[in-house]
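# Commentary on secondary and tertiary structure
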Amino acid sequence: MSENSETRNSSKDKRADRDVLAELIKRAGRREEPPREAYERVFAVAEEALARKREQRRARGRRLSLALAAGVVAVVVAGALWQTVYMQDPGDLRIDRVAGIAEWRAGTESEWETLRAGTDRLPPVGELRTGSGSGLSVRLAEDISLRLSADTRVAIRPEAEVVLDGGKVYIDAGLNPRTGVRLVTEAGTATDIGTQFEVRYVDGDYRLRVREGRVNLATPEDTLSSVAGEQLQIDQSGAVARSRVASDDPEWAWAEELAPVPDFDGRRLSELLAWIERETGREVIYEEPMLELKAEQTILRGTVRNLTPLQTLDILLVTTDLRYEFADDGKILIYAKRRT
Amino acid sequence: MAQTTHIDLQTARNILAGDDATFRELFDRFFPRLYRFAKVRLDGDHDAACDVVQQTFCKAIDNLDSYRGEAALYTWFCQICRNTLIDYCRARNRRMQQFVLLEDNEPVRAILETLAGPAVDQPETQTWRSDVGRLVQATVDALPTHYGDVLEWKYVDGLTVKEIASRLSIGTKAAESLLTRARAGFRDALGEMLDSTDDLTPPSVT
């Protein structure tokens with residue numbers, strides 16, 4: 001074929017190709033524009049979120065300046081000066097996440113105060129409550145995670161005792177066995193050993209679900225024990241019913257959404273995956289054995305906050321050569337980025 | 001191994017540093033696209049789409065200082081939106097529209113093979129419009145700034161290059177160049193998604 005023919009064919013091909021693209025776009029039609037009122041409404045909320053974010057960053061900067069000037073505060077520098085650590089009572093209650101409306105008061109004689117963004121510490125004893133559609137995640141002493149669902153009220157007592165007045169709470173007492181949390185209700189007191197469990201107490205009906213470990217429940221009539229995968233219900237008449245609840249049941253989703261996210265910057269991917277297993281109740285498996293080693297060797301970069309465990313996994317995993325998907329049985333399958 | 005950093009990293013930093021104009025511009029660009037992204041996956045539910053996109057913006061803003069520029073900022077927002085959709089649907093025992101299947105190679109290839117077949121009126125069917133049309137629109141949405149707009153103005157609204165240039169307050173040559181780049185970008189993006197650029201011909205174009 002002559003050069004001129006090749007050039008003509010090439011130009012013809014280009015025009016044809018352009019015609020095809022034009023036809024595709026034309027036939028797909030105009031993209032829908034959202035209504036103006038939706039735009040304005042969402043923009044207002046986003047603008048407010050941005051203002052809060054900027055204020056948090058300024059406040060962090062001010063605290064750091066004060067700390068350096070005073071010279072009496074221990075500052076931990078983690079590569080990018082992410083956090084400032086104050087010398088404080090290790091028994092303080094730490095606020096991990098607030099979703100919606102959450103309030104605190106020192107005692108029944110005090111006024112309720114709304115927990116605002118940026119509040120990260122409270123005294124170790126007091127009362128907490130959440131509003132409708134809200135949630136709260138706090139850290140008790142010894143790293144015990146206490147999460148409150150909507151319309152829930154608790155009192156925090158010394159030595160890791162929590163009194164549930166009404167609503168639903170989730171407790172993750174961590175990986176190591178300990179003498180643990182005492183969760184007190186009028187129906188009974190649950191004591192855990194190295195456990196994840198949930199208690200719902202509403203209008204005299206009591207429900208305990210154990211995700212991991214074992215919980216002993218002392219009622220006025222009896223002492224009951226419940227193990228991982230078990231649900232135990234006690235109605236107002238005192239009748240006890242047991243049933244099963246899987247560790248990855250969607251019923252646990254509300255607690256996952258309030259999970260405090262550790263700082264994984266500079267930590268191994270395998271640590272992130274272990275945390276994911278713990279928070280989602282789903283086992284992590286690998287397409288090939290080598291990938292488990294790769295997870296052990298891969299160091300993560302980046303810090304995320306206020307995301308759910310799977311959102312965190314999405315954001316941080318994209319910085320690596322690994323990806324994930326859900327297997328048919330709900331397990332999390334890790335595979336290499338380029339799959340054929 | 002050196003890692004390239006996306007230009008959007010500076011955009012994110014500027015926004016956090018107080019640049020309201022840049023934030024407004026980003027919102028203008030991202031909101032309609034994320035709205036469409038969410039709405040098609042929520043069975044056309046406008047209120048739910050607004051809720052999801054609002055949550056997406058709040059989460060993205062809260063984590064904006066962790067954005068490291070490994071991917072485009074819109075891609076990063078989309079990932080957050082996708083996860084927010086999953087959580088939203090799960091919390092309400094709701095099924096997410098399985099639109100994402102179209103982004104796998106095999107089903108899309110099957111659709112295009114059907115389109116390339118002898119049935120001349122297939123492009124006019126509702127199935128073609130709803131399935132491939134959405135894929136095309138999603139590809140247009142995913143393109144960089146102004147690319148999607150100029151393609152729509154040119155091929156849907158029928159604007160001339162001069163009219164497009166006037167809308168963007170640029171010269172005609174610049175508009176032509178932008179249109180060329182937009183077509184190339186669209187072709188590459190769709191081709192990548194389909195794993196083949198040879199099957200793009202609708203039956204009515206020969």
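Residues numbered from 1 in each chain as written. Chains lettered and ligands numbered in written order. Predicted model: local features only at pLDDT ≥ 70, side-chain atom pairs only at ≥ 80, totals over all residues. Heavy atoms only, no water.

## Quick look at the overall build of chain B
Looking only at helices and strands, chain B has nine helices and zero strands in total. For chain B, the sequential pattern of α-helices and β-strands runs α-α-α-α-α-α-α-α-α. Of all 206 residues assigned to chain B, the portion counted as buried reaches 48%. Summed over all atoms, the accessible surface of chain B reaches about 9,900 Å², with 49% contributed by carbon and sulfur. (Helix = DSSP H or I, 4+ residues; strand = E, 2+ residues; numbered from the N terminus. Buried < 20%, exposed > 50% of the residue type's maximum accessible area, 1.4 Å probe, protein only. Areas by Shrake-Rupley, 256 points an atom, 1.4 Å probe, with all protein chains shown as cover.)

## Thoughts on the overall build of chain A
Within chain A, the secondary structure is distributed over six helices and 18 strands. Counting all 340 residues of chain A, 46% fall into the buried class. Sequence-distant contacts, at least 24 apart, represent 48% of the contacts inside chain A between residues at least 6 apart. When the accessible surface of chain A is summed, it comes to about 17,500 Å², and 48% of that surface belongs to carbon and sulfur atoms. (Contact = heavy atoms within 4.5 Å.)

## Quick word on the interface of chain B and chain A
Listed by partner, the interface residues are 61 residues for chain B and 54 residues for chain A. Interface area lost by chain B to chain A is led by Asp65, Arg90 and Tyr155 of chain B, which between them contribute 11%. Across the contact surface, chain B and chain A share 11 salt bridges. For Asp157 of chain B, the salt bridge goes to Arg30 of chain A, with nearest N and O atoms at 2.1 Å. Joining chain B to chain A, the criterion identifies 19 residue pairs in polar contact (both at pLDDT 80 or more). Mapped by element, the contributors of at least two residues to the side of chain B that touches chain A are helix H1 (8-17), helix H2 (20-41), helix H3 (46-62), helix H4 (73-91), helix H6 (126-142), helix H7 (147-155) and helix H9 (172-194) of chain B. Among the elements that make up the side of chain B that touches chain A, the one with the highest residue count is H2 of chain B (10 residues). Of the residues in the side of chain B that touches chain A, the class split is 27 nonpolar, 13 polar and 21 charged. (Buried area = accessible area lost by both parts, 1.4 Å probe. Salt bridge = Lys/Arg side-chain N within 4 Å of Asp/Glu carboxyl O. Polar contact = N/O pair within 3.5 Å; in protein donor to acceptor, adjacent residues only side chain to side chain. Nonpolar A, V, L, I, M, F, W, Y, C, P; charged D, E, K, R; others polar.)

## So, the pattern of salt bridges
All chains considered together, the criterion is met by 38 salt bridges over all chains. The shortest N-O distance in the salt bridge between Glu230 of chain A and Arg242 of chain A comes to 2.9 Å. Pair noted here: Glu230 of chain A is in strand S14 (residues 230-234) and Arg242 of chain A is in strand S15 (residues 240-244), with a separation of 12 residues, a long-range link. Judged by its relative accessible area of 14%, Glu230 of chain A falls in the buried class. Ionic pairing is found between Glu256 of chain A and Arg90 of chain B, a salt bridge with its closest N-O pair at 3.6 Å. Remark: Arg90 of chain B occurs in helix H4 and Glu256 of chain A occurs in helix H3 (residues 253-257); the pair is interchain, linking two chains. A network of salt bridges, in which partner residues are shared, links Arg30, Arg31 and Glu33 of chain A together with Arg36, Asp141, Asp149, Glu152 and Asp157 of chain B.

## Comments concerning empty space enclosed by the protein
For the structure shown, the criterion picks out three cavities of 30 Å³ or more. Each pocket or cavity is described by its volume, and for the largest cavity that value is around 50 Å³. Looking at the largest cavity, the residues that line it are Ile25, Ala28, Gly29 and Arg31 of chain A together with Val136, Gln137, Val140, Gly148, Leu151, Glu152 and Val156 of chain B. Those elements giving two or more residues to the lining of the largest cavity turn out to be helix H1 (3-28) of chain A together with H6 and H7 of chain B. In this structure, the second largest cavity encloses a volume near 40 Å³. (1 Å grid on protein atoms, 1.4 Å probe; cavity = no way out; pocket = protein on both sides within 12 Å on 5 of 7 lines; lining within 4 Å. Points joined across faces, edges and corners; volume = space filled by probe spheres on them.)

## Here's the deal with the packing of aromatic side chains
Applying the stated criterion to the full structure yields 19 aromatic pairs over all chains. An angle of 80 degrees between the planes, with centres 5.8 Å apart, marks the rings of Tyr324 of chain A and Phe326 of chain A as edge-to-face. Aromatic rings pair up to connect Tyr39 and Phe43 of chain A together with Phe23, Phe27, Phe30, Phe31, Tyr35, Phe57, Tyr67, Tyr74, Trp76 and Phe77 of chain B into one cluster. The positively charged end of Arg36 of chain A is found above the aromatic ring belonging to Tyr39 of chain A, 4.3 Å away from the centroid. The ring of Phe43 of chain A carries the charged tip of Arg24 of chain B above its face, separated from the ring centre by 3.8 Å. (Phe/Tyr/Trp six-rings, centres within 6.5 Å; stacked < 30°, edge-to-face > 60°. Lys NZ or Arg CZ within 6 Å of the ring centre and 35° of its normal.)

## A look at the environment of Ala246 of chain A
Residues and elements named next belong to chain A. If you trace the backbone, Ala246 turns up in the loop between S15 and H3. According to the relative accessible area criterion, Ala246 is partly exposed, its value standing at 39%. Linking Ala246 and Glu230, residues 16 residues apart in sequence, is a C-alpha distance of 8.0 Å.

## What to know about the sheet that holds strand S18 (residues 332-336) of chain A
All names here are of chain A. Strand order across the open sheet formed by three strands is S16-S18-S17, with mixed pairing between neighbours. Each edge of the open sheet is held by one strand with a lone partner, namely strand S16 (284-286) and strand S17 (322-326). Strand-to-strand twist across the sheet, computed as the mean angle between neighbouring axes with direction ignored, equals 35 degrees. Direction of pairing for S16 relative to S18: parallel, over a ladder of three bridges. Following the sheet pairing, Ile285 is matched in S18 by Leu333. (Pairing = 2+ DSSP bridges. Axes fitted to C-alpha atoms, helices over the stretch in contact; angles between N-to-C directions.)

## Let's talk about the nonpolar core
Within soluble globular proteins, side chains that are nonpolar generally end up buried alongside one another. Grouped together as the largest cluster of nonpolar side chains are 64 residues, with contacts concentrated most on Leu272 of chain A together with Leu34, Leu42, Phe57, Trp76 and Phe77 of chain B. Counting residues per element, this core draws most heavily on H4 of chain B, which supplies 10 residues. Excluding residues that lie within four positions of it along the chain, Trp76 of chain B makes contacts with Ile315 of chain A together with Ala60, Asn63, Leu64, Ser66 and Tyr67 of chain B. Counting residues in each nonpolar core, the second largest holds 34 residues, with Leu183, Val199, Tyr206 and Leu217 of chain A among its members. (Core = buried A, V, L, I, M, F, W, Y, C linked by side-chain atoms within 4.5 Å.)

## Points about the pairing of S17 of chain A
Residue and element names in this part refer to chain A. Relative to S18, S17 is paired through five bridges, and the arrangement is antiparallel. From the neighbouring strand, Leu322 faces S18, where its bridge partner is Ala336. Between the antiparallel neighbours S17 and S18 lie five residues, among them Gly330 with a positive phi of about 90 degrees.

## What about the confidence of the model for chain A?
Of the residues in chain A, 82% reach a pLDDT of 70 or more, and the chain-wide mean stands at 81. Scored below 50 in pLDDT, residues 68-90 of chain A makes 21 contacts in the model with residues more than four places away or belonging to other chains. (pLDDT = per-residue confidence, 0-100.)

## Things to note about unusual backbone geometry
All names here are of chain B. Located in the positive-phi region is Asp43, a residue other than glycine, with phi close to 60 degrees. Of note, the phi angle at Ser169 is positive, near 55 degrees, even though the residue is not glycine. For Ser169, the location among the structural elements is in the loop between helix H8 (161-168) and H9. By relative accessible area, which is 67% here, Ser169 ends up exposed.

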